Amino acid sequence: MVTMLLLLGTLAGLFTAAEGQSFHLGKCPTPSVQENFDVLKYLGRWYEIEKIPSNFERGDCNQANYLLMENGNIKMVNQERRPDGTMNQVEGEAKHTNLSEPAKLLVKFFELTPATPYWILITDYVNYALVYSCTTIIWLFHVDYVWILGRNPYLPPETVTYLKDILISNGIDTQKMISTDQTNCPEFP
Ligand SMILES: *[C@@H]1O[C@H](CO)[C@@H](O)[C@H](O)[C@H]1NC(C)=O
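By the naming in an unreviewed UniProt entry, the protein is Apolipoprotein D, taken from Peromyscus maniculatus bairdii. As its UniProt record puts it under Subunit (unreviewed entry), the protein is described as follows: "Homodimer." The record in UniProt for the protein states the following under Function (unreviewed entry): "APOD occurs in the macromolecular complex with lecithin-transport and binding of bilin. Appears to be able to transport a variety of ligands in a number of different contexts."

Remarks on unusual backbone geometry
Phi at C61 takes a positive value of approximately 60°, unusual for a residue other than glycine. Position of C61 among the secondary structure elements: in strand β3 (residues 60–68). Classification of C61 as buried rests on a relative accessible area of 0%. You will see that N184, though not glycine, has its phi angle at about 50°, which is positive. Mapping N184 onto the fold places it in the segment after β10 (178–179). Owing to a relative accessible area of 72%, N184 belongs among the exposed residues under this scheme.

Describing the side chain of K164
With respect to the helices and strands, the residue K164 is situated in helix α3 (residues 157–169). Within the structure, the side chain of K164 is placed 2.9 Å from the side chain of E50, a separation counted as a polar contact. Contacts of K164, omitting those with residues within four sequence positions, involve E50, I148, T174 and M177.

A word on the state of the cysteines
Going through the model one piece at a time under the given rule, you end up with 2 disulfides. Each sulfur of the disulfide joining C28 and C134 lies 2.1 Å from the other. What sets the handedness of the C28 and C134 disulfide is the S-S torsion sign, and at about -95° it is left-handed. With C28 in the loop between β1 (22–25) and α2 (39–42) and C134 in strand β8 (residues 128–137), this residue pair connects regions lying 106 residues apart in the sequence. We note that C28, like C134, is buried. Here C61 connects covalently by a disulfide to C185, the sulfurs 2.0 Å from one another. When the S-S torsion is -90°, as for the bridge of C61 with C185, the disulfide is left-handed. Residue C61 is located in strand β3, and its partner C185 is located in the segment after β10; the two are separated by 124 residues in the primary sequence. Since its relative accessible area comes to 26%, C185 is described here as partly exposed.

Cut-offs applied
Residues numbered from 1 in each chain as written. Predicted model: local features only at pLDDT ≥ 70, side-chain atom pairs only at ≥ 80, totals over all residues. Heavy atoms only, no water. UniProt positions renumbered as here; feature names shortened; annotations may be inferred. Helix = DSSP H or I, 4+ residues; strand = E, 2+ residues; numbered from the N terminus. Buried < 20%, exposed > 50% of the residue type's maximum accessible area, 1.4 Å probe, protein only. Polar contact = N/O pair within 3.5 Å; in protein donor to acceptor, adjacent residues only side chain to side chain. Contact = heavy atoms within 4.5 Å. Disulfide = S-S within 2.5 Å.

Set out below in structure tokens:
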């Protein structure tokens, strides 16, 4: 068992070093989510203000556009400017898994990748949103992502602090969070 833990610990270390992701011991935290979440008010464009970096986002000027689909799911279009200046776009589809918990979505970006949670911890719909995604791996570890989103490319620092305090009070590590460069961005279609 100890050997196993050491091995897993080493793997975790490698994983963290390799991906720069947020990898932690233990199961995912279970923060409370936005009460009475209204997905219709959440649709539309959001700018990424801060995040825990993921290996599927490498550029800057990151934006998301959320659209209601005919089947009631949400089409998620993520756009970013790659380091070489071209635009990268990925599309995903998010759905509710339990209508009693509307702020907990499950999103799938590529056919071959597993669906991942997309929880809206808090949003006022018109200024900011705090999104959390956590996956537990073999009961022992979890990898998590955070996105602070704004309706504008800029959020006041006090709003960012307010949202980070919510993360911290839920036991979520904010140390790996970095801000997204939203200056001199092109207009995405
Ligand atoms: C749906 O959410 C409610 C409220 O949190 C919970 O009590 C219930 O067990 C959930 N249902 C399923 C199928 O997970």
